[in-house]
Amino acid sequence: VKFQFNAQHDCHSGECVLSGCPFQHQEREVTEHTVPVLVHAGDAHFIINLHALHNASILREILPHHLTA
């Protein structure tokens, strides 16, 4: 293992949608307000923010060029 990094799911490429709206609870009571729930799709798409990493140069060496350009 050369380093660790954090990858975030790419909702834009995965076309994730807000669906399902369970009712919100307040002090153990169900209210009339709903809370949108994000449903992820396309689990093959991820984002790595290279500008936020202290080891971005190492990561650029390992990843294919078309993924870091």
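Keep in mind it's a predicted model, so treat the numbers as computed, not measured.

Participant: It is not clear to me how the side chain of D10 should be interpreted in this structure. Could you clarify?
Facilitator: One can find D10 in the loop between β1 (8-9) and α1 (11-14). Buried within the structure, D10 lacks any salt-bridge partner; its nearest side chain of opposite charge belongs to R60, at an N-O separation of 17 Å. Here S13 takes part through its side chain, which lies 2.6 Å from a polar atom of the side chain of D10. If sequence neighbours within four positions are ignored, D10 has contacts with H45, F46 and I47.

Participant: Just checking my understanding: could you explain a nonpolar patch on the surface for this structure?
Facilitator: A cluster of nonpolar side chains, namely V17, V37 and V39, defines an oily patch on the protein surface of about 210 Å² accessible area. Structurally, the position occupied by V37 is in strand β5 (residues 37-39).

Participant: Please explain the pairing of strand β4 (residues 29-34) as it appears in this structure.
Facilitator: Judged from the three bridges that link them, strand β3 (residues 23-26) and β4 form a sheet pairing that is antiparallel. Within β4, the position partnered with Q26 by the bridge is E29. The antiparallel hairpin formed by β3 and β4 contains two residues in its connecting segment, where E27 sits at a positive phi of about 50 degrees.

Conventions used here
- Residues numbered from 1 in each chain as written.
- Predicted model: local features only at pLDDT ≥ 70, side-chain atom pairs only at ≥ 80, totals over all residues.
- Heavy atoms only, no water.
- Helix = DSSP H or I, 4+ residues; strand = E, 2+ residues; numbered from the N terminus.
- Buried < 20%, exposed > 50% of the residue type's maximum accessible area, 1.4 Å probe, protein only.
- Lys, Arg positive; Asp, Glu negative; His and termini not counted.
- Salt bridge = Lys/Arg side-chain N within 4 Å of Asp/Glu carboxyl O.
- Polar contact = N/O pair within 3.5 Å; in protein donor to acceptor, adjacent residues only side chain to side chain.
- Contact = heavy atoms within 4.5 Å.
- Patch = residues over 30% accessible without salt bridge, like charges linked within 9 Å, V, L, I, M, F, W, Y side chains within 5 Å.
- Areas by Shrake-Rupley, 256 points an atom, 1.4 Å probe, with all protein chains shown as cover.
- Pairing = 2+ DSSP bridges.

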